[in-house]
Amino acid sequence: MGTGCAGGWTAAAVPLLMNGLASDLGGIITVSEEEASWITSLLNLGSLVGSLPAGQLSYQFGRRKFLLYLGVLMIFAWLLIIYNFNNVGLIYLGRFICGFVAGAVCITLAMYTNEVCSDPIRGRSGCFYDMMQVFGILFVYIVTASFSLYWASNLCMLIPTIFLCTFYWMPESPLCLVKQRRQLEAIDSIRWFHGEDCDVEKQLARINMALLEGKENELYYNDEPSYYWTSTLQFFRGLSKNTIRSFLLILFLFIIQRSCGAPIVVYYTVDIFDAAHSSVSSTAATVYTGVAQLIFTSLSFSFIDTLGRRILLIFSFGTMIASLLVFIVYIHFASLGNDLVASFGWIPVLSISVFVGIFRLGVGPIPWFMCAELIPTEAQRWALPAILFTAWGVAFLCSKTYLAAVDIFGFTNVFTFFIIVCSFGLLETIFLLPETKNKSRVQIQQDLGSEPSKLNTLITKPVIIIEN
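Residues numbered from 1 in each chain as written. Predicted model: local features only at pLDDT ≥ 70, side-chain atom pairs only at ≥ 80, totals over all residues. Heavy atoms only, no water.

Per an unreviewed UniProt entry, the chain is named Major facilitator superfamily (MFS) profile domain-containing protein, and its organism is Parthenolecanium corni. What UniProt records for the chain under Subcellular location (unreviewed entry) is the sentence "Cell membrane". (UniProt positions renumbered as here; feature names shortened; annotations may be inferred.)

Here it is, written out as structure tokens:
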């Protein structure tokens, strides 16, 4: 939710800052279009940097402790922004730190969720990340429409504060505890997450299998950071075709997710509706898009483990393409001064709300937990940071160049590019992406092409019991 607040903050903040903002602490700040693009895009640049060490740090500190550290860092970032509205440089720094936290959180949280949930609810649990992010976006849309930017930002800072007070009591991931040779604590964690009556030995067997699968497990068990970095070249040479294929599938899916236009709508919602000459006020239209995202995210939570990942992705990409086509047709005829179009001024709000809403149904949440489903556990340490580094790099380029691209190529051509990107995503889902609904990690690897004999070896290996 805190990362959602950071992402949606610019939708209202950037227009206010560009038009001249009277700070509650005194003084007036006005930013240029170039400065506004940096304020927006530095979140993605920070996410790019934060995604790099996240996998390694989450193993060294543990998932739980690392997430708590990130919560403290998010509060510091908001303090920089709130008390320095008259200093663009410190706003830059605060936005960059918010992005660093967002990039690290999305990796660490995906690992944590995937490790503590059973197979039947893994998909729905993975949707919680996207749902809470949407809550954050809607929350910041409402508070920026209701309060001054100063007080709205203070309310955004309240979110990571609440996180620290509540998540502190959560246990560490059982898989992480086993890996750190804290066997008794791992057993307590298993019972906390799965109930006192759960089959602890079966859960330990599943954890053991996850730690042993694939060819990369030698790196997974070595705790020395120097070993991790100096062995990288040798490690990549030994990667299985299975791991490489899953890595490339998720990498391409994330690139599409970040460049399909939905994140741009979140960052520049008010500006987009102003440019579309909607008959609905930009402030109200922004809130409508937030509500639409929340509704469709709730539907995703309901359907993800019943309809499956592929069906939701295909429907999501197809509907996004259709809604963008409607939006572009409206903009085209509106630019010609057609009087008939003027009576349909609600179309931009409806089409964009459907676009970002359907994004939250499939394209938004599914890649986040499919990366933990498709990529073998021991490979996630390097694969997730590499994937998210590339994805956030694409997001940075898109958010930084959006305003300039509209000036150079025109509003219609930019959104036509988004349609092309969504079309590539639709093709990947139909022809390349496997279904992971209600499947164990072993079954998923079989679908990707692992040899049954190797997988059977993993299943029959004894559980490693490490006494404290």
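Visitor: Looking at this structure, how should I read the overall build of the chain?
Guide: If you tally the helices and strands in the chain, you get 24 helices and 2 strands. Across the 468 residues of the chain, 57% fall into the buried class. Here the contacts in the chain between residues at least 6 apart in sequence split such that 81% fall between residues at least 24 apart. Counting only carbon and sulfur atoms, one obtains 66% of the accessible surface of the chain, whose full area is about 18,900 Å². (Helix = DSSP H or I, 4+ residues; strand = E, 2+ residues; numbered from the N terminus. Buried < 20%, exposed > 50% of the residue type's maximum accessible area, 1.4 Å probe, protein only. Contact = heavy atoms within 4.5 Å. Areas by Shrake-Rupley, 256 points an atom, 1.4 Å probe, with all protein chains shown as cover.)

Visitor: Please explain the packing of helix α17 (residues 309–335) against helix α19 (residues 347–361) as it appears in this structure.
Guide: The angle between the axes and the distance between the axes are what describe a pair of packed helices. Two numbers describe how α17 lies on α19: the axes approach to 8 Å, and their chain directions differ by 160°. Judged on the interaxial angle alone, α19 and α17 are roughly antiparallel. Considering the relative orientation of α17 and α19, their crossing is left-handed. Residues Leu312, Phe315, Ser316, Thr319, Met320, Ser323, Leu324, Val326, Phe327 and Tyr330 of α17 pack against Ile347, Pro348, Ser351, Ile352, Val354, Phe355, Ile358, Phe359 and Leu361 of α19. (Axes fitted to C-alpha atoms, helices over the stretch in contact; angles between N-to-C directions. Parallel < 35°, antiparallel > 145°, perpendicular 65-115°, else oblique. Left-handed = near helix turned anticlockwise from the far one by under 90°.)

Visitor: Any chance you could explain the packing of helix α1 (residues 2–19) against helix α2 (residues 33–61) here in plain terms?
Guide: Between α1 and α2, whose axes approach to 10 Å, the crossing angle comes to 170°. As summarised for this structure, α1 and α2 are arranged roughly antiparallel, according to the angle between their axes. Contacts between α1 and α2 involve Ala6, Gly7, Trp9, Thr10, Val14, Leu17 and Met18 from the first element and Glu33, Ala36, Ile39, Thr40 and Leu43 from the second.

Visitor: What should I look at first to understand the layout of surface pockets in this one?
Guide: Gaps between atoms show up when a probe of the same size as a water molecule is rolled over them. The computed volume of the largest pocket comes to approximately 800 Å³. Of the residues belonging to the lining of the largest pocket, the class tally is 20 nonpolar, 7 polar and no charged. (1 Å grid on protein atoms, 1.4 Å probe; cavity = no way out; pocket = protein on both sides within 12 Å on 5 of 7 lines; lining within 4 Å. Points joined across faces, edges and corners; volume = space filled by probe spheres on them. Nonpolar A, V, L, I, M, F, W, Y, C, P; charged D, E, K, R; others polar.)

Visitor: When you look at the packing of aromatic side chains in this model, what are you seeing that I'm missing?
Guide: Pairs of aromatic rings are described using the distance from one ring centre to the other and the angle between the two planes. One pass over the structure, following the stated rule, counts 14 aromatic pairs. Linked through ring pairs, Phe327, Phe411, Phe415, Phe417 and Phe418 together constitute an aromatic cluster. Looking at arginine 258, its charged tip hangs above the ring of tryptophan 392, at a distance of 5.1 Å from the centre. (Phe/Tyr/Trp six-rings, centres within 6.5 Å; stacked < 30°, edge-to-face > 60°. Lys NZ or Arg CZ within 6 Å of the ring centre and 35° of its normal.)

Visitor: Can you walk me through helix α13 (residues 241–259) in this structure?
Guide: Each turn of an α-helix holds 3.6 residues, which means side chains three or four residues apart point in the same direction. Taking 1.5 Å as the rise per residue, α13 with 19 residues should run 27 Å; its terminal C-alpha atoms sit 27 Å apart, in good agreement. Residue glycine 261 follows α13 closely and has a positive phi angle near 110°. (Expected span 1.5 Å × (residues − 1).)

Visitor: Would you explain empty space enclosed by the protein in this entry?
Guide: Throughout the structure, instances matching the rule amount to 2 cavities of 30 Å³ or more. Its volume calculated, the largest cavity comes out at about 210 Å³. For the lining of the largest cavity, the elements supplying multiple residues, two or more each, are α1, α2, α5 (119–146), α14 (262–267) and α19. Among the residues making up the lining of the largest cavity, the classes are represented as 11 nonpolar, 6 polar and 2 charged.

Visitor: Mind showing me how you'd approach the nonpolar core here?
Guide: One recurring pattern in soluble globular proteins: nonpolar side chains tend to sit buried together. One finds Trp9, Trp78, Tyr402 and Phe415 to be the most contacted residues of the largest nonpolar core, which totals 116 residues. Of the residues forming this core, the biggest block, 13 residues, is contributed by helix α21 (residues 380–409). Beyond its immediate stretch of four places on either side in the chain, tryptophan 78 contacts Cys5, Ala6, Trp9, Cys98, Ser153, Cys156, Met157 and Pro160. In terms of nonpolar packing, the next biggest core, distinct from the first, is built from 7 residues, Val178, Ile187, Cys198 and Leu204 among them. (Core = buried A, V, L, I, M, F, W, Y, C linked by side-chain atoms within 4.5 Å.)

Visitor: Can you help me understand helix α20 (residues 366–374) in this one?
Guide: For α20, a buried count of 9 out of 9 residues is recorded, marking the element as mostly surrounded by other parts of the structure. Within the span of α20, buried status applies to Ile366, Pro367, Trp368, Phe369, Met370, Cys371, Ala372, Glu373 and Leu374.

Visitor: So what exactly am I meant to see when it comes to the environment of proline 367 here?
Guide: You can see proline 367 is positioned in helix α20. Through-space distance from the C-alpha of proline 367 to that of leucine 251 is 9.2 Å; in sequence the pair is 116 residues apart. Other than its neighbours up to four places away in sequence, proline 367 contacts Leu253, Phe254, Gln257 and Gly362.

Visitor: What exactly am I supposed to notice about the confidence of the model for the chain here?
Guide: As a general rule, the predicted coordinates of low-pLDDT regions are not to be interpreted in detail. Per-residue confidence for the chain averages 76 on the pLDDT scale, and 76% of its residues sit at or above 70. Taken together, the stretch residues 451–468 has pLDDT below 50 and engages in 32 contacts with residues farther than four places along the chain or on a different chain. (pLDDT = per-residue confidence, 0-100.)

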